Amino acid sequence: MRTLGFKPLGLAMLLAAGPALAEESDIYRPGITNTSWEDKAIEASVYDDPYAIALFSAPHGEDAERVWSQTKSVAWYGVGVAGFLALLPSDFTNWDGSDDRLLKKWWDNVREGPVWDRDVWYINYIGHPYFGGVYYQVARKSGYRQWDAFMYSFLMSTFYWEYGIEAFAEVPSLQDLVVTPVLGWVYGEWAFHQEREIIEQGGAVWGSETLGSTALFFLDPVDSIGRGVNRLFGRDLIKAGTGYLGVQEVPLGNGQYDTQVQLNLRYAIGAGEAGPGVSRLSRDSGVSHAEDPVDYGIVGISVGGGYLALDKSWQATDEWTPVISLGLYFTRQFSARLSYARSELRDKRTGETLTYENYSVDGQYYFNGQSDLRPYLTAGIGEALRDQDNDRKTFLFNGGAGLHYRLSPNWAVQLDWRHFYSGHFHSHDDLISGQLVYRFGRGERLL
């Protein structure tokens, strides 16, 4: 299965390689593969409510038809994958065979989740952001602004994938619900602009059209393959395309897992002019008229360390622990984050080492929002567990306070105290931490 993934890749790179594959009287130059919200003449009223969602109304001339077409393609692909897996032997897929049991398994997984999953790190923190970026670009390339594209990615990754297709096989993942759309926003916006920049420079990277074609393929393999086919046939044979690269861990009958790579492509073929994504003709990108009121600079990641003081009911020593958070800084007064802490502690009774994990979804309200130094209050919910033992897992409420100090638009430091309470164990835990905060892109905007 792994070797099959390289065959479409090799063919795709040949099709997208540029003028060297065939002699042409006019040198092929790729056209802009997307439309941009910034290229539109936007009314000033859009800045009055920057977080208003225009995804379902397309008030500024966004291409809602393209979004719907791509959504249907992705949805049908998912149904096909689910049907194929359902037909395979259950000892291979770990899926139940009958429709009734399959639906029951989906419902049981949905009711049990979300949980902190144990997938390998590159699937959770490289693969899922890539998928989020694929969803993101469906809306972004259709002329929607960043916030709407993020909301599209959130809806697709949450309801189509985590609580849809994947829920037939496993319990929805808490970190995937956050990481996929949030980091997918960062990656998707980067890929969106990189593709446009390469195309506007004539399709070359470091003076090489081969490198340029290769880069465009990895940024958007579907459009690159379509352009290659059109160039070979000398006309717009390929009208439009959708597709994406998938990586999944498939359970085997012996208890092991196989990492499988899937490349799905879908094209519309016919007479007439192709869409700008796959046309042989070069198109201008337009003139920028509008500035997006919300961009991926609101995404922030923080890392640091803290001191963990546990209730005696855990029968574990107090220790230092690393802490990491991923969040959205909506305004200078409000943010939300997913936080995770993991530490190796010592059992007070046996002296053996144990693993303590704590994860939570929190909101923060900041005072003195226009100042660099901002005290804040925080509250949220989450879970804590010991040695991945569900019998020692408990739901937590947390609340606390902190200080956030802005160093620059991209960097800040903060001191944070949170108190955790478990109604199940009647436990009281405390975590005091210091973290370095990084905001992506332009970071925090100055008013």
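Calculation notes
In every chain, residue numbers begin from 1 and rise along the written sequence. Only residues with pLDDT of at least 70 are given local features in this predicted model, and only at 80 or more are side-chain atom pairs given and counted; all residues enter the totals for whole chains, interfaces and linings. Values reported for side chains reflect all heavy atoms of the structure, with hydrogen atoms and water molecules removed beforehand. To obtain each axis, a line is fitted to C-alpha atoms, and for helices this fit is confined to the stretch in contact; angles are then taken between N-to-C directions over 0 to 180 degrees. The way it works is that DSSP assigns letters per residue, a run of H or I at least four long becomes a helix, a run of E at least two long becomes a strand, and they are numbered from the N terminus. Here the angle decides the label: under 35 degrees means roughly parallel, over 145 means roughly antiparallel, 65 to 115 means roughly perpendicular, and every other value means oblique. Each helix crossing is assigned a hand: it is left-handed if the near helix lies turned anticlockwise from the far helix by less than a right angle, otherwise right-handed if that turn is clockwise. Residues are grouped as follows: Ala, Val, Leu, Ile, Met, Phe, Trp, Tyr, Cys and Pro are nonpolar; Asp, Glu, Lys and Arg are charged; every other residue, Gly included, is polar. We call a residue buried when its accessible area falls under 20% of the maximum for its residue type, exposed when it is over 50%, and partly exposed in between, using a 1.4 Å probe and counting protein chains only. In what follows, salt bridge is the name for a side-chain nitrogen of Lys or Arg lying within 4 Å of a carboxyl oxygen of Asp or Glu. Contacts between residues were defined by any pair of non-hydrogen atoms, one from each residue, lying within 4.5 Å.

Asks: Would you explain the packing of helix 5 (residues 121–140) against helix 7 (residues 174–200) in this entry?
Replies: The packing of two helices is summarised by the inter-axis angle and the distance between the axes. Between helix 5 and helix 7, whose axes approach to 6 Å, the crossing angle comes to 60°. Put simply, helix 5 runs oblique to helix 7. Crossing of helix 5 over helix 7 shows right-handed handedness. Among the residues making up the contact of helix 5 with helix 7, the classes are represented as 10 nonpolar, 10 polar and three charged.

Asks: How should the environment of F56 be read in this particular structure?
Replies: The topology assignment puts F56 in the loop between helix 1 (6–15) and helix 2 (64–87). For F56, a relative accessible area of 70% gives the class exposed. Considering only alpha carbons, one finds F56 and Y152, 96 residues apart in sequence, at a separation of 9.8 Å.

Asks: I keep staring at unusual backbone geometry and nothing clicks. Help me out?
Replies: Across residues other than glycine, the phi torsion is negative in most instances, and most of the peptide bonds are trans. Backbone torsion omega between G113 and P114 reads -5°, so that peptide bond is classified as cis. Of note, P114 is situated in the loop between helix 4 (99–112) and helix 5. One non-glycine residue, Q315, adopts positive backbone phi at about 55°. By the secondary structure assignment, Q315 is in the loop between strand 3 (299–309) and strand 4 (319–328).

Asks: Whenever I open this one, the pattern of salt bridges confuses me. Can you help?
Replies: A pair can form between side chains of opposite charge whenever their charged atoms are brought close. Per the stated rule, a full pass over the model turns up 23 salt bridges. In this structure, R118 and E357 form a salt bridge, with 2.7 Å as the shortest nitrogen-oxygen distance. On the criterion of sequence distance, the pair formed by R118 in the loop between helix 4 and helix 5 and E357 in strand 6 (residues 353–366) is long-range, its members being 239 residues apart. In this structure, the salt-bridge partner of D347 is R386, at a minimum N-O distance of 2.3 Å. Remark: R386 occurs in strand 7 (residues 373–386) and D347 occurs in the loop between strand 5 (334–346) and strand 6; sequence separation between them is 39 residues. Look at D347 and you get buried, because its relative accessible area is 5%. On the basis of relative accessible area, R386 is assigned to the buried category, the value being 11%.

Asks: Would you take a moment to explain the packing of helix 5 against helix 6 (residues 146–165) for this structure?
Replies: Direction vectors running N to C along helix 5 and helix 6 enclose 125°, while the axes themselves pass 8 Å from each other. In terms of orientation, helix 5 lies oblique with respect to helix 6. The two elements helix 5 and helix 6 meet at a crossing, and its hand is right-handed. Of the residues in helix 6, those touching helix 5 at H128, G132, Y135, Y136, V138, A139 and R140 are Q146, A149, F150, Y152, S153, M156, S157, Y160, W161 and E162. Split by residue class, the contact of helix 5 with helix 6 holds 10 nonpolar, five polar and two charged.

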